[in-house]
Amino acid sequence: MPQPGQESLWLWIGAIGMALGTIYFVARGWGVREKEEQTFFIVTSFITLTAFASYLSMATGFGLTEVTVGGRTLDIYWARYADWLITTPLLLLDLALLARADRNTIGTLIGLDVFMIATGLIAALTTVASFRLVWWGVSSGALLVLLYFLVGTLTTQAEKQDESVSSLFWTLRNLTIGLWVLYPIVWILGTESTLSFLPLYWETAVFMILDLSAKVGFGVLLLRSRSVLATARKPIEERERAPA
Ligand SMILES: *C/C=C(C)/C=C/C=C(C)/C=C/C1=C(C)CCCC1(C)C
């Protein structure tokens, strides 16, 4: 099993950050009694808990493999993709619950997302340099379609919600778009594309900052206001009987 180099510093920081995020979300959610509100705390805690395990596995070398591309050996942290396969659908689920999205919208978003990460994993493990870029292109195409649904259908559904809910949705949606588009760019600049403008050390640092922002940062903003979460999940009829 290959062992992480200097970049393990960032992986340990990532693991600690995800652990602290999880503890914080669980602690905040502990006293919440309303089932509908609890959902947000449960989903969000599992996001950072999963990422914690992934970072720990990368820091300790389990999540690392080597791929030989055109005679060059690349260090590939495959555990990232296992993490993202679970955590990115959960992040979308949080957004969808906030927007009270219908089942087809949730299915489409999560389907595109799983397709994006799975094809990204193929890109990372493929041994022919040009095919790696082809898979990167396929995965990036899925990201663009996903963002199209996020900005279109999901936003339309969110705008039907109370003002406080739709404004929180707006903030989290923009944070998500802003951060998610950076992932394929870091990938292409980093070691995975074999271009290596960004050496593995710096690539690992940037992914760590992106991951902490997209998960812990996202969670802190989402779970900040209990009253907004209560409004977001209150049954529609109840809301109409007693307007907030
Ligand atoms: C918490 C982790 C998050 C929010 C991860 C998001 C990851 C992506 C949006 C990854 C996208 C990629 C492509 C669009 C192209 C291929 C390479 C990937 C997997 C980095």
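Here the residue numbers are simple positions, counted from 1 along each chain's written sequence. Where totals are concerned, whole chains, interfaces and linings use all residues; where local detail is concerned, this predicted model gives features only for residues with pLDDT of at least 70, and gives and counts side-chain atom pairs only at 80 or more. Only hydrogens and water are removed before side-chain values are computed, so all heavy atoms of the structure are retained for them.

1. Considerations on the UniProt feature "transmembrane region" (unreviewed entry) in the protein
- UniProt positions are given in the numbering used here, feature names are shortened, and annotations may be inferred rather than shown by experiment. The UniProt entry lists residues 6-27, 39-58, 78-99, 106-127, 133-156, 168-189 and 201-223 under the feature "transmembrane region" (unreviewed entry), expressed in the numbering used here.
- The helix count covers DSSP runs of H or I at least four residues long, the strand count covers runs of E at least two residues long, and both are numbered beginning at the N terminus. Annotated as 91% helix and 0% strand, the span residues 106-127 places its first and last C-alpha atoms 34 Å apart.

2. Description of the packing of helix 2 (residues 35-59) against helix 8 (residues 200-223)
- One way to put it is that helix 2 packs onto helix 8 with a least axis distance of 10 Å and a crossing angle of 160°. Classified by the angle their axes make, helix 2 and helix 8 are roughly antiparallel. In terms of crossing hand, the pair formed by helix 2 and helix 8 is left-handed. Two secondary-structure elements touch here, helix 2 through Phe 40, Phe 41, Thr 44, Ile 47, Thr 48, Ala 51 and Tyr 55 and helix 8 through Phe 207, Met 208, Asp 211, Lys 215, Val 216, Gly 219, Leu 222 and Leu 223.
- Asp, Glu, Lys and Arg are counted as charged, while Ala, Val, Leu, Ile, Met, Phe, Trp, Tyr, Cys and Pro are counted as nonpolar; the rest, among them Gly, fall into the polar class. Considering only residue class, the contact of helix 2 with helix 8 consists of ten nonpolar, three polar and two charged. Comment: axis = line fitted to C-alpha atoms, over the contacting stretch for helices; angle = value between 0 and 180 degrees taken between N-to-C directions. Between 65 and 115 degrees an angle is taken as roughly perpendicular, under 35 as roughly parallel, over 145 as roughly antiparallel, and anywhere else as oblique. Each crossing gets its hand from how the near helix is turned against the far one by less than a right angle, where anticlockwise is left-handed and clockwise is right-handed. Every residue pair with non-hydrogen atoms within 4.5 Å of one another is taken to be in contact.

3. Topic: the pattern of salt bridges
- We count a salt bridge whenever a side-chain nitrogen from Lys or Arg sits within 4 Å of a carboxyl oxygen from Asp or Glu. In this structure the tally under the stated criterion is four salt bridges.
- Of the charged contacts in the structure, one is a salt bridge between Glu 36 and Arg 233, with a shortest N-O distance of 3.1 Å. Residue Glu 36 is located in helix 2, and its partner Arg 233 is located in helix 9 (residues 226-233); the two are separated by 197 residues in the primary sequence.
- Among the charged side chains, a salt-bridge network with shared partners connects Glu 34, Glu 37 and Arg 226.

4. A look at a nonpolar patch on the surface
- Taken together, the side chains of Phe 115, Val 128, Phe 131, Val 134 and Val 138 define a hydrophobic patch exposed on the protein surface, amounting to about 420 Å² of accessible area.
- Per element, the largest residue contribution to the nonpolar patch is three residues, and it comes from helix 5 (residues 129-158).
- Here Val 138 lies in helix 5. Each patch is built from residues that are more than 30% exposed by relative accessible area and take part in no salt bridge. Like charges join if they lie within 9 Å; nonpolar side chains (Val, Leu, Ile, Met, Phe, Trp, Tyr) join within 5 Å. The accessible surface values rely on the Shrake-Rupley method and a 1.4 Å probe; as for residues, cover is taken only from the protein chains in view.

5. Quick notes on the side chain of Ser 57
- Turning to its location among the elements, Ser 57 is positioned in helix 2.
- Leave out the neighbours within four places in its chain, and Ser 57 touches Phe 62, Gly 63 and Ala 79.

6. Focus on the nonpolar core
- Working definition of a nonpolar core: buried Ala, Val, Leu, Ile, Met, Phe, Trp, Tyr and Cys residues. They are joined through side-chain atoms within 4.5 Å. With a 1.4 Å probe rolled over the protein chains alone, any residue whose accessible area is under 20% of its type maximum counts as buried; one over 50% counts as exposed, and the rest are partly exposed. Among the nonpolar cores identified, the biggest contains 69 residues, and Phe 40, Leu 95, Leu 98, Leu 150, Leu 154, Trp 180 and Leu 222 are the most heavily contacted of them.
- Excluding anything up to four places from it in sequence, Leu 154 contacts Leu 95, Ala 96, Ala 99, Ala 101, Thr 105, Leu 109, Phe 149 and Phe 169.

7. Re the packing of aromatic side chains
- Only rings of Phe, Tyr and Trp enter the pairing, Trp through its six-membered ring, and a pair is recorded when the two centres are within 6.5 Å. The plane angle decides the type: under 30 degrees is stacked, over 60 is edge-to-face, the rest tilted. A full pass over the atoms with the stated rule returns ten aromatic pairs.
- Ring geometry for Tyr 24 and Phe 25: centres 5.8 Å apart, planes at 55°, overall tilted.
- Here Tyr 24 falls in the partly exposed class, since its relative accessible area comes to 37%.
- Judged by its relative accessible area of 0%, Phe 25 falls in the buried class.
- Following the ring pairs from residue to residue traces out a cluster consisting of Tyr 81, Trp 84, Tyr 183 and Phe 207.
- Whether a charge sits over a ring depends on NZ of Lys or CZ of Arg being within 6 Å of the ring centre and within 35 degrees of the ring normal. Sitting over the face of the ring of Trp 170, Arg 173 holds its NZ or CZ atom 4.3 Å from the ring centroid.

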